[in-house]
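Close look at the chain arrangement
Listed below, chain by chain, are the residues.
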Amino acid sequence: MNILEVQDLCKTYGTGEAKVRALKRVSFSVRKGEFIAIIGESGSGKSTLLNVIGALDNATSGRVQIDGQDLFSMPENQRTVFRRQHIGFIFQSFQLIPELNVEQNMIFPLLLDYKKPDQKFVNELLQVLGLDERRKHLPSQLSGGQQQRAAIGRALVTRPALILADEPTGNLDSKNSQEVLALLQTMSDRYQQTILMITHNKNHAGAADRVFRMSDGFLQDLGVAKQ
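Quick look at the structure, then. (Residues numbered from 1 in each chain as written. Predicted model: local features only at pLDDT ≥ 70, side-chain atom pairs only at ≥ 80, totals over all residues. Heavy atoms only, no water.)

**A short note on the nonpolar core**
A general trend in soluble globular proteins is that nonpolar side chains are found buried together. Leu 129, Ile 152 and Leu 184 are the most contacted members of the largest nonpolar core, which has 37 residues in total. Counting residues in each nonpolar core, the second largest holds 29 residues, with Leu 49, Leu 50, Leu 71 and Ile 198 among its members. (Core = buried A, V, L, I, M, F, W, Y, C linked by side-chain atoms within 4.5 Å. Buried < 20%, exposed > 50% of the residue type's maximum accessible area, 1.4 Å probe, protein only.)

**Observations regarding the sheet that holds strand 2 (residues 20–31)**
Here four strands make up an open sheet; going across it, the order is 2-1-4-5 and the pairing antiparallel. The two strands at the open ends of the sheet, each matched to only one other strand, are strand 2 and strand 5 (69–70). Sheet topology places strand 4 (residues 61–66) next to strand 5; two bridges connect them, and they run antiparallel. Looking at the pairing, Ile 66 lines up with Gln 69 of strand 5. The strands touched by helix 1 (residues 46–53) within the sheet are strand 1 (2–13), strand 2 and strand 4, with strand 2 carrying the most contacts at an inclination of about 60°. (Pairing = 2+ DSSP bridges. Helix = DSSP H or I, 4+ residues; strand = E, 2+ residues; numbered from the N terminus. Contact = heavy atoms within 4.5 Å. Axes fitted to C-alpha atoms, helices over the stretch in contact; angles between N-to-C directions.)

**Points about helix 5 (residues 144–156)**
The end-to-end C-alpha distance of helix 5, which contains 13 residues, comes to 19 Å, matching closely the 18 Å that a straight helix rising 1.5 Å per residue would cover. For helix 5, the full list of buried residues reads Gly 145, Gln 146, Gln 147, Gln 148, Arg 149, Ala 150, Ala 151, Ile 152, Gly 153, Arg 154, Ala 155 and Leu 156. Buried residues belonging to helix 5 abut strand 6 (87–90), helix 3 (102–112), helix 4 (119–128), strand 7 (162–166) and helix 6 (174–191). (Expected span 1.5 Å × (residues − 1).)

**Quick notes on the sheet that holds strand 8 (residues 195–199)**
Strand order in the open sheet made by the six strands is 6-7-8-3-9-10, with mixed pairing throughout. Every other strand in the sheet has two partners, leaving strand 6 and strand 10 (218–224) as the edge strands with one partner each. Looking at each pair of strands side by side, their axes are set apart by 20° on average, direction ignored. With six bridges connecting them, strand 9 (residues 210–215) and strand 10 associate as antiparallel partners. Of the residues in strand 10, the one forming a bridge with Ser 215 is Phe 218. Sheet contacts for helix 6: strand 3 (35–39), strand 6 and strand 8; angle to strand 8, the most-contacted strand, approximately 160°.

**A closer look at the packing of helix 3 against helix 4**
At a minimum axis distance of 11 Å, the contact between helix 3 and helix 4 shows a crossing angle of 125°. Taken together, the axes of helix 3 and helix 4 are oblique relative to one another. Note that helix 3 runs across helix 4; the crossing there is right-handed. Residues Val 102, Glu 103, Met 106 and Ile 107 of helix 3 lie in contact with helix 4, whose contacting residues are Gln 119, Val 122, Leu 125 and Leu 126. Class assignment for the residues of the contact of helix 3 with helix 4 results in six nonpolar, one polar and one charged. (Parallel < 35°, antiparallel > 145°, perpendicular 65-115°, else oblique. Left-handed = near helix turned anticlockwise from the far one by under 90°. Nonpolar A, V, L, I, M, F, W, Y, C, P; charged D, E, K, R; others polar.)

**Let's talk about the pairing of strand 8**
Within strand 8, five of the five residues are buried, leaving the element largely enclosed by the surrounding structure. Neither face of strand 8 is left uncovered, since the one carrying Ile 195, Met 197 and Thr 199 and the one carrying Leu 196 and Ile 198 both have all their residues buried. Bridge analysis of strand 3 against strand 8 gives five bridges, and the strand direction is parallel. Within strand 8, the position partnered with Ile 39 by the bridge is Thr 199. Alignment of strand 7 against strand 8, held across four bridges, turns out to be parallel. Each bridged residue has a counterpart across the sheet, and for Ala 165 the counterpart in strand 8 is Met 197.

In structure tokens, the structure reads:
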């Protein structure tokens, strides 16, 4: 079953001589439980692709379907709710709420929709992420690696159809980077979580099941990454 279907996706900024074609007829699909990495240099279009798939930006043309739902056929308010409930985001800068502790940050997306957290699942995530003893700590009391693990938990807590990870190891040292990548692999394997990660680090892409390269707005399938 394909969780993500992208078809002939184009994104153009500006007009006339200032026109920039950031995405050029990008098409690919991702199966449920796959961990996909997209590598590419700065300016290659990979962040634009992630933003369009995540409904943070509009496409110029083309289609994006997530779990059978066509993103850009929805009214904007419906798309906002769909994004919150069906797409999890992991950012390079963590983006935790400073006033909330680890557990509160993790369950915050559920509270936005007035949903009661599944405490058993929250406890399980805290254990898997190695944050059980840090659940009452504020972000300022955590290391960078611990903050990113909390952000991973926040992305997972809604059991989204798709997680989009934007350079999730960009602010981490080598040791913490490897731990975060291992956790993403665990989430994909253990929970059949579909993950799309962009990174400029070719070595980090090796953690994924399949790798794509973004270059000048075009996407190329490089095939299987894991041995």
